[in-house]
Amino acid sequence: MAKAKTDDGVDAEQGGADGAPAQVQPVDSTLGYEQARDELIEVVRSLEAGGTTLEESLALWERGEALAKVCRRWLDGARARLDAALAESDEAESGPAGD
């Protein structure tokens with residue numbers, strides 16, 4: 001099971017200059033890769049579009065960083081599984097030692 005890290009969350013109670021709470025929730029570290037990636041794309045779009053206060057932009061940036069960490073963990077895990085499968089395949093193809 002995935003471990004939740006404290007640096008993966010964003011303080012959801014941060015508010016903007018107008019006193020409205022930032023619309024950013026903590027990142028669920030159990031998100032699937034595709035979910036985290038899609039949400040990260042939306043965060044980037046929001047930041048690129050502008051029109052947010054500095055507080056909101058910072059909250060979005062922090063959420064984007066946390067989502068990127070979730071994606072990186074999934075990709076690192078996939079790479080490890082692929083490397084293990086390739087190593088097994090290489091062993092099977094090379095046959096017993098001492099041909």
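Please refer to the structure placed before this passage.
Residues numbered from 1 in each chain as written. Predicted model: local features only at pLDDT ≥ 70, side-chain atom pairs only at ≥ 80, totals over all residues. Heavy atoms only, no water.

A. Region of interest: the overall build of the protein chain. A count of helical and extended segments in the protein chain gives two helices and zero strands. Residues classed as buried in the protein chain amount to 20% of the 99 residues present. Excluding contacts between residues fewer than 6 apart, the proportion of contacts in the protein chain whose partners are at least 24 apart in sequence is 67%. Accessible surface for the protein chain amounts to roughly 7,200 Å². Of this, 54% is attributable to carbon and sulfur atoms. (Helix = DSSP H or I, 4+ residues; strand = E, 2+ residues; numbered from the N terminus. Buried < 20%, exposed > 50% of the residue type's maximum accessible area, 1.4 Å probe, protein only. Contact = heavy atoms within 4.5 Å. Areas by Shrake-Rupley, 256 points an atom, 1.4 Å probe, with all protein chains shown as cover.)

B. Spotlight on the nonpolar core. Counting nine residues, the largest nonpolar core is built from Val 27, Leu 31, Ala 36, Val 43, Leu 60, Ala 66, Leu 67, Val 70 and Cys 71. Of all the secondary structure elements, the ones that give two or more residues to this core are α1 (33-49) and α2 (54-94). A total of five residues in this core trace back to one element, the largest contributor, which is α2. (Core = buried A, V, L, I, M, F, W, Y, C linked by side-chain atoms within 4.5 Å.)

C. Representation of α2 in the model. Taking 1.5 Å per residue, 41 residues should reach 60 Å; α2 reaches 59 Å between its end C-alpha atoms and fits that length. Where α2 is concerned, the buried positions are Ala 59, Leu 60, Arg 63, Gly 64, Ala 66, Leu 67, Val 70 and Cys 71. On its buried side, α2 packs onto α1. Looking one or two places after α2, you find Gly 95, whose phi comes out positive at around 70 degrees. (Expected span 1.5 Å × (residues − 1).)

D. Examining α1 more closely. Its 17 residues place the ends of α1 24 Å apart at the C-alpha level, agreeing with the 24 Å of an ideal helix rising 1.5 Å per residue. Once α1 ends, the next one or two residues include Gly 50, with phi positive near 75 degrees.

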